[in-house]
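Remarks on the overall topology
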Amino acid sequence: MAEDVLLKHEALVNELKKYLGNTKFNLIFKSKTAELSKPEQFLIKMEMSRLSQPIDRFIDLRGSVTGQVKPYEYKGKQHFMDDTAIEVFEAAIKQHKGYTLGVYEAVMNTENNHRILQKKSLEKPKITEEDKNLTTTVIKFAAYETRREERMNYSIKVKIEYNSQNKIAATTSDISLSGCKVKLASQYKLKKGELLTLHLAGLEQEFELGLKHGIEYEVVAIENTSNEFNHIRLKRTFRENNTAFDHFLESFIHGNKRRYKVNLDNTLDAVISKGYEQYYIPRVNSLYVFISQKNGVYYPNLSLTTENNLFIQRYFTDESKIPCLYSVLNHKRIRTLALKPVAVKEEYLYTFTHVNAGKVYYYSAMRSELEQQPQLKNLFLGFGSQRDSWRCFKIQLMPSHSEDAYIPLSLPKSLGKNIEKLNKPPSPRVEGAIKDVKYLILLTQVSNKHEQQHYQQYTFNKALVNKIKYFGHSKHQSPPELNTVPLEYVNLRSNKRYLYKTSVVINTQDAVLHGHTRDFSVFGLQLECNQEVKLKKGDIVSLSFPDLQKITKSYSLNLIQYEVMAVSKSLTTINLKAHTEKDVPHTGVEFFTLLINSNKQKLKVAEESPKVPGLSTALRNMVTKTLCQFPIYLNKSMAHFEIGAMGFGLYSSPLHIILQNFALLNAKTDLSNIITKAHITDVITPNIKDRSRQDPPLEFSLIINFDPKKENIADAITSQCVLGTDCSEFKRQVSQGLKSELVFIMRLYISRTGRLDTDYLANELQYVSQYALHKAKDLEDTLWSVSGVGDIIDVSDEALEHLSLNQQQVEQMSRRKLIWLNRLR
């Protein structure tokens, strides 16, 4: 047996592998194998030839190794490997003079690969108490793939022939036109990439297939399922060019797929991942800004907005409704940030505005810029924080690729032309809009009144106030256009808005104003006032509708209370929602419900048609493939919530790295040491249980002391959770941790979810329903159980500035933290 020969001379084979790529390999081979028999020489030479075959396989080690996986590009193709694999890959490429099967196998067999580690374990591991605590599902963002055709669960007898051996009996577990999975006794050893011949004995007993010489397949993967059997994944090489058999097999699968059931694994995984993604993206509190490069200059070109992050876009919009991020996120700052030697480049941005002659002027500084100019640092922070417009933002910049805009359905392409139509790549207009994109920035507002008050205590030389102009941004005559793209999400709004203009009288505490409606819904409306208003978010006003009162006697449309939700920069446009009290009917809600239901044919829906159809989806896909945050999903359980799932994307946050350090970043994990049961029942649940999807995210703070020297996560972490952003009560815990531990202060934003956007998943759910209705129902039940979405962001560097700590200890701890995190990244 060839396998026996290779095992017998394993040391020699491994030695010869080191010489692959050497120009004198044939001489070396002849010398090293001189004492072997001709058949043995032949088999070993065939193994060397197999390893030297050039290939173009995609390497994706996400979830397959203990190391931290990151993007790695080779000859225009992006792979995902950890540092260990990259080191092996580069060394093997150099040795083999290109990407060969030997390179691929070397990468797939590194010491920290889960499959290799599993092989080293001789016993099946016992389920421990720790395993029982792994109740939180880990959702990998954008980790799904498309199949070319359907796989059918079908078991038939087959005969396998390889290395000129006698035919070995086996059975299939699934089959498709271009591949199959075979159940083979574990005593037979196959290798990935090996070629074999499959005789479909079970089918040939019933049908005349004309397959005298069998069908050639290549081994794609080997799954060690038990001590007795392995599952071998195979793909066809199509060397036979047997179109008659191809047509037969395609027709056979299509005709029997309801009887034998279609393999739905890919689609099930995709529905779960996409379902959790569509809950998360619309609820994120960070603004997505896409940075393009043209003629060597970086500039913000696109922003993706949601209900939760639109306030940031509005903050950076001036009196003429022109976005001003091009000044703040300018070429110099982007270039400096991009040079940082980490995957996700982070900074803090401080800003305030000044209004002069009705024009809004922006002033801003990066933290690193202030550190370089200590004489102006106190001036900027002390002076700027006196303004109501003072803000602090966390910036996270990471590479973004236009090819990530295309995520096809997970459905087999063989289902028909409808799937081909749905799977079309982005249109030329969309490609034109994103072709120059190089980076994605997450802009998160992290300022709060406690930290602003602390900055207000900074003293500065008032004689230097004029130097504040150094941080100002002048207005450009023809600024580059920043296209604001609203996220398209079917169920984002709870009620449709209808365009309608009617007079309104607005009663505030100080004045009586006049205006008209621009649009209304059952629960809210937008008004245009005849003059500027002195209102802010949260104010309660009373509205009267004199013209609408003329058409109804059933309702008194006088002095109805509404809450201000937003006021435009021009101070003339107001968004309001009905101000309701528990169990008390709201006249406005009742009237507008009746008005809408009675006039749906006449009223025009205020739908915002996209400027570039498909652009929102493309940007959404690019965001999904570049996740760097820590999403959590809350399920309702009896009277409180529990964390049912957490998200994991391309880039790891510090919490992902901590979990990975304790081997807790697999299919299931345990977050109970980071967000404890007491945090959920005593802090989170009481504050979010009565909130609705329309409410903005609620802010919590997580204060974590982490000792990386501990072997158990329960011993390594001390965690506190508090509503709001004031961490001063935990100053003692933080101060003690600075000496020998790593201290993290995280901001946790939690929103209640609305209805599931089933339209986004409709095609895949429908496909699953055709073959396994119960599975489709289970999927929907799982996704409908999500009641809240959380986003955890590390704000340690900014928050530690405001706790009056020993700055030398803070700096020493920050250096230790950076070294530890980068060691695992």
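In case you missed it, the structure is sitting above this.
Note that the structure is a prediction, hence the values are computed from the model and not measured.

1. Things to note about the sheet that holds strand E28 (residues 668–669)
Spatial ordering of the open sheet is given by E28-E3-E27-E26-E32-E31-E29-E30, a layout of 8 strands whose pairing is mixed. With partners counted over all chains shown, the strands left at the sheet margins are E28 and strand E30 (717–723), one partner each. Direction of pairing for strand E31 (residues 742–752) relative to strand E32 (residues 786–794): antiparallel, over a ladder of 7 bridges. Note on E32: the bridge partner recorded for Arg 752 is Gly 788. Those strands touched by helix H24 (residues 677–688) are strand E26 (630–637), strand E27 (640–648), strand E29 (698–706), E30 and E31, and its axis lies near 20° from that of E30.

2. What to know about the packing of helix H3 (residues 25–32) against helix H4 (residues 38–51)
Running from N to C, H3 and H4 point in directions that differ by 145°, and their axes come no closer than 11 Å. The element H3 and its partner H4 pack so that their crossing is right-handed. In contact with Phe 25, Asn 26 and Phe 29 of H3, H4 contributes Gln 41, Ile 44, Lys 45 and Met 48. Partitioning the contact of H3 with H4 into residue classes produces 4 nonpolar, 2 polar and 1 charged.

3. So, the pattern of salt bridges
When the charged atoms of two side chains lie near each other, side chains of opposite charge can form a pair. Going through the model one piece at a time under the given rule, you end up with 23 salt bridges. Note that Arg 367 is salt-bridged to Glu 798, the shortest N-O span being 2.8 Å. Taken together, the residues span a long stretch of sequence, with Arg 367 in helix H15 (residues 367–372) and Glu 798 in helix H29 (residues 796–799) at a distance of 431 residues. The residues Arg 367 and Glu 798 share a single accessibility class, namely buried. Its salt-bridge partner being Asp 707, residue Lys 709 comes within 3.3 Å of it at the nearest N-O pair. Owing to a relative accessible area of 62%, Lys 709 belongs among the exposed residues under this scheme. Classification of Asp 707 as buried rests on a relative accessible area of 10%. By sharing partners, the salt bridges in this structure join Glu 47, Arg 50, Glu 105 and Lys 191 into a single network.

What counts and how
- Residues numbered from 1 in each chain as written.
- Predicted model: local features only at pLDDT ≥ 70, side-chain atom pairs only at ≥ 80, totals over all residues.
- Heavy atoms only, no water.
- Pairing = 2+ DSSP bridges.
- Helix = DSSP H or I, 4+ residues; strand = E, 2+ residues; numbered from the N terminus.
- Contact = heavy atoms within 4.5 Å.
- Axes fitted to C-alpha atoms, helices over the stretch in contact; angles between N-to-C directions.
- Left-handed = near helix turned anticlockwise from the far one by under 90°.
- Nonpolar A, V, L, I, M, F, W, Y, C, P; charged D, E, K, R; others polar.
- Salt bridge = Lys/Arg side-chain N within 4 Å of Asp/Glu carboxyl O.
- Buried < 20%, exposed > 50% of the residue type's maximum accessible area, 1.4 Å probe, protein only.

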